[in-house]
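# Remarks on the overall topology
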Amino acid sequence: GLIDAILLSGLSKFIGKIGVRSSLIIATILYFCSALVMLPMNAEHLKVTISLWILFSSLAKAFYYVAYHYYVLQLTQQGLRGKEISYLYGLSTLMGIIPPYLGAILSTKFGLPGLAIVSAGFFLLSIIPLLSIENFKFTYTGKLLKILDLRSMKKEYKLSLMFQIQNQEGFWQIYVFMLL
């Protein structure tokens, strides 16, 4: 989380210059690399593999989340944004059922290398639709400290922290990965 936040604030200006479509493509390539570093996974190289995975995943998140949220702002109507985003999250949640099921089948049949190869393949395939979307560019204001000091943001931090403590999604994914 901390690495992600540092990279996000450090890369936002660059992302604004290259455009959000380009940022999504870079994120996809970085996610692809994060899947590939899992191929040589064994006890001897565990620390190096996990470190590389964290690095590629954190970079990918920084490039992905700025672009994703910018697209949401550009492609939703202000008065209907909550409704439109809830549909998007609902569809995303519904589609989120498939990867764990597919991952279980693949890891059982082909092990971690098979799962990593299929994941990497899906990341590469996801670049194709990205090529057809507009490459919005923006100017990064760099007023992160001002935003962090807003009273409404402080309330959001507390709610987010409580959600993260309850959810523990990051820990859960790593725990399941280690079990496999």
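Not measured: the values here are computed from a predicted model.

### Section: the side chain of serine 12
As for its placement among the helices and strands, serine 12 is situated in helix α1 (residues 2-18). What serine 12 contacts, discounting residues up to four positions off in sequence, is Val66, Phe138 and Tyr140.

### Remarks on the packing of helix α3 (residues 46-75) against helix α4 (residues 81-95)
Interhelical geometry of α3 versus α4 gives an angle of 130° and a closest axis separation of 10 Å. What the angle tells us is that α3 and α4 run oblique. Between α3 and α4 lies a crossing of right-handed hand. Of the residues in α4, those in contact with Tyr68, Val72, Leu73 and Leu75 of α3 are Arg81, Glu84, Ile85, Leu88 and Tyr89. Here the contact of α3 with α4 is built from residues that sort into seven nonpolar, no polar and two charged.

### Quick word on the packing of helix α2 (residues 20-36) against α3
Their axes nearest at 8 Å, the elements α2 and α3 cross at an angle of 155°. Compared by their axis directions, α2 and α3 come out roughly antiparallel. Both α2 and α3 take part in a crossing whose hand is left-handed. Within the contact between the two elements, α2 uses Val20, Arg21, Ser23, Leu24, Ile26, Ala27, Leu30, Tyr31, Cys33 and Ser34 and α3 uses Trp53, Phe56, Ser57, Leu59, Ala60, Lys61, Phe63, Tyr64, Ala67, Tyr68, Tyr70 and Tyr71. Per-class residue counts for the contact of α2 with α3 are 17 nonpolar, three polar and two charged.

### What about the side chain of threonine 76?
Tracing the chain through its elements places threonine 76 in the loop between α3 and α4. Within the structure, threonine 76 has its side chain in polar contact with the backbone oxygen of valine 72 (distance 2.5 Å). At 2.8 Å, the side chain of threonine 76 and the side chain of arginine 81 are in polar contact. Threonine 76 has contacts with Arg81 and Glu84, leaving out every residue within four places of it along the chain.

### What about α1?
Taking 1.5 Å per residue, 17 residues should reach 24 Å; α1 reaches 24 Å between its end C-alpha atoms and fits that length. Remark: the principal bend of α1, roughly 45°, maps to leucine 11. Lining the buried residues of α1 we find α2 and α3. Within two residues after α1, glycine 19 carries a phi angle of roughly 100°, on the positive side.

### As for the nonpolar core
Ile15, Val20, Phe63 and Phe138 are the most contacted members of the largest nonpolar core, which has 20 residues in total. Contributing elements (two or more residues each) for this core: α1, α2, α3 and α6 (127-130). Tallying contributions element by element places α3 first for this core, with seven residues. Ignoring any residue separated from it by four or fewer positions in sequence, one finds phenylalanine 63 in contact with Leu11, Phe14, Ile15, Ile18, Ser23, Leu24, Ile26, Ala27 and Leu30.

About the cut-offs
- Residues numbered from 1 in each chain as written.
- Predicted model: local features only at pLDDT ≥ 70, side-chain atom pairs only at ≥ 80, totals over all residues.
- Heavy atoms only, no water.
- Helix = DSSP H or I, 4+ residues; strand = E, 2+ residues; numbered from the N terminus.
- Contact = heavy atoms within 4.5 Å.
- Axes fitted to C-alpha atoms, helices over the stretch in contact; angles between N-to-C directions.
- Parallel < 35°, antiparallel > 145°, perpendicular 65-115°, else oblique.
- Left-handed = near helix turned anticlockwise from the far one by under 90°.
- Nonpolar A, V, L, I, M, F, W, Y, C, P; charged D, E, K, R; others polar.
- Polar contact = N/O pair within 3.5 Å; in protein donor to acceptor, adjacent residues only side chain to side chain.
- Expected span 1.5 Å × (residues − 1).
- Bend = angle between axes of the 7 residues up to and from the residue.
- Core = buried A, V, L, I, M, F, W, Y, C linked by side-chain atoms within 4.5 Å.
- Buried < 20%, exposed > 50% of the residue type's maximum accessible area, 1.4 Å probe, protein only.

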